[in-house]
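Read off the chains here:
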Amino acid sequence: MSLLAHITSRIATQGPMRIDEYMTTCLLHPTLGYYTTRDPLGTEGDFTTAPEISQMFGELLGLCLAQTWISQGAPASFTLAELGPGRGTLMADVLRACKAVPGFVEAAEIVLVEASPALRNVQAQTLNAYDVAWADTLDRLAPQPLFLVANEFFDALPIRQFLREGTQWRERQVGLTGDALAFGLAPAQPQPALDPLHGDAADGTLVEVCAAAAPIIAGVGAHIEANGGAAVIIDYGDWGGTGDTLQAVRAHQKVSPLATPGAADLTAHVDFRALAAAAGTAHAALTPQGVFLEQLGITPRAQSLAKHLSGQPLQSHVAAHRRLTHPQEMGNLFKVLALHQSGSAVPPGVAT
Ligand code: SAH
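Residue indices follow the written sequence of each chain, beginning from 1 at its first position. In keeping with the model being predicted, local features are shown solely for residues with a pLDDT of at least 70 and side-chain atom pairs are shown and tallied solely at 80 or more, while totals for entire chains, interfaces and linings include all residues. The side-chain numbers reported here are obtained from all heavy atoms of the structure, hydrogens and water having been left aside.

A. Layout of the sheet that holds strand β13 (residues 265-267). For two strands to be treated as a pair, DSSP must find no fewer than two bridges joining them. A run of H or I in DSSP becomes a helix once it reaches four residues, and a run of E becomes a strand once it reaches two; helices and strands are each numbered from the N terminus. Ordered by their spatial adjacency, three strands build an open sheet running β12-β11-β13, and the pairing between neighbours is antiparallel. Looking at strand neighbours, the two that pair on one side only are β12 (253-255) and β13, the edges of this open sheet. Neighbour-to-neighbour, the strand axes of the sheet open up by a mean angle of 35 degrees, direction not taken into account. Structural elements are reduced to axes, namely lines fitted to C-alpha atoms, with helices fitted over the stretch in contact, and the angle between N-to-C directions of any two is expressed from 0 to 180 degrees.

The following block contains the structure:
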């Protein structure tokens, strides 16, 4: 059975699906889901990410974590965790760069939180030189500092969408028009959880809520507050905001989120204000990715790597630097949220 047939029959028998159920089914259905069945990254795949564009991204992120580790007294044992590690490229680049920092790699207990068996296999190959543990959640962390990275993880978590009609809320959902999937709206229902932030929203406003993110980030924040460490979260999105940001990407092209369930990546913008509020720990000002990488020294690093390159590899390297940092490419769309223990130094690279 195809995933489209599965979703169609589920809607035909039980009625329309909320957007969060649709996203979870498309991305993580055990046998037909997008992430569970494939490695979607890179030029051959559907989309690419910063660590796949250039090694500089992971290297600089690694040095940011290592500097923070040093400023917290270089604890002799800590958890180095990543949420949604994709191919393991970012973690490999972090660890390679941090070999230059005495004691860091030896003190790190690496934990990867990954839902996809297919991607766990790729990560095992990429990181075969290291001792790595996989986990489904971060619920059972050792009581020691936590240094965590997450790049393009929170955008993959399922969202719900609510449309303001007058003073009421109607939830957007996926139903059927004939045999075809179609967006529709549930009858109006009170949504008291939306009122604190969106109680005065104008008619026609669409609000997105990512309920799955809150417990994850609350766990990370509580652990850092109690044990030390820091978290660097990078994604596309903004501080608050409204509007429909659900999008599907297949073979590097935007497609309709309903067109090919299970065969396209589905994401939504991350609301960093909601993440920071749920974390309950100290955080730096939300910083554009381009600014973050410049402040960590991407330009001298790029120049030093360029000395060994010529021809096409040099052109690709220059293009990758631009793509990661330029405001009209990923530099502004992607943002960095750094969480740290109250009273401890802010990680380098972010705006204070
Ligand atoms: N961080 C990587 C990959 C981003 S793609 C990079 O920058 O290249 C999103 C990643 O999150 C994939 O590894 C995907 O399998 C994983 N993922 C998505 N939803 C998840 C969930 N609910 N729990 C754990 N991992 C998840």
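B. Highlighting the side chain of Asp155. Positionally, Asp155 belongs in the loop between β5 (146-151) and β6 (160-165). Each residue is placed in one exposure class: buried if its accessible area under a 1.4 Å probe, protein chains only, is under 20% of its type's maximum, exposed if it is over 50%, and partly exposed if it falls in between. His is not counted, nor are the chain ends, whereas Lys and Arg count as positive and Asp and Glu as negative. We define a salt bridge as a side-chain nitrogen of Lys or Arg found within 4 Å of a carboxyl oxygen belonging to Asp or Glu. Although Asp155 is buried, it makes no salt bridge; Lys254 carries the closest opposite charge, 12 Å away. Any pair of residues with heavy atoms lying within 4.5 Å of one another is described as a contacting pair. Leave out the neighbours within four places in its chain, and Asp155 touches Met23, Asp235, Tyr236, Leu266, Thr267, Ala268 and Val270.

C. Just the site of the ligand, in detail. Being near a molecule or strand, for a residue, means having at least one of its heavy atoms within 4 Å of it. Taken together, 19 residues lie around the ligand, and Thr49, Gly84, Gly86, Glu114 and Asn151 are the ones closest in. For the purposes of these results, a polar contact is taken to be a pair of N or O atoms within 3.5 Å, where, inside protein, one atom must be able to donate a hydrogen and its partner to accept one; residues adjacent in sequence count only when each atom of the pair is a side-chain atom. Here an oxygen atom of the ligand and a side-chain polar atom of Thr49 are 2.6 Å apart. Contact with the protein chains removes 93% of the 580 Å² of surface that the ligand exposes when unbound. When residues are grouped by polarity, Ala, Val, Leu, Ile, Met, Phe, Trp, Tyr, Cys and Pro land in nonpolar, Asp, Glu, Lys and Arg in charged, and all others, Gly among them, in polar. Partitioned by chemical class, the residues of the shell around the ligand number 11 nonpolar, five polar and three charged. Calculation of accessible area relied on Shrake-Rupley with a 1.4 Å probe; when residues are assessed, cover is drawn exclusively from the protein chains displayed.

D. Main features of helix α13 (residues 298-306). Those residues of α13 lying buried are Ile298, Ala302 and Leu305. In an axial view of α13, the angular spread of the buried residues amounts to 65 degrees, which keeps them on one side of the axis. Those residues of α13 that are exposed and aimed more than 90 degrees away from the buried face are Pro300 and Gln303. Directions drawn from the helix axis to the C-beta atoms are what define this arc.

E. Inspection of the nonpolar core at higher detail. Working definition of a nonpolar core: buried Ala, Val, Leu, Ile, Met, Phe, Trp, Tyr and Cys residues. They are joined through side-chain atoms within 4.5 Å. Core analysis: the biggest nonpolar cluster contains 47 residues, and Leu80, Phe104 and Phe292 have the highest contact counts within it. Examining the composition of this core, we find that eight residues originate from one element, helix α5 (residues 55-71), more than from any other. Once residues lying within four places of it in the same chain are set aside, the contact partners of Leu80 are Leu65, Met91, Leu95, Phe104, Ala108, Glu109, Ile110, Val111 and Phe147.

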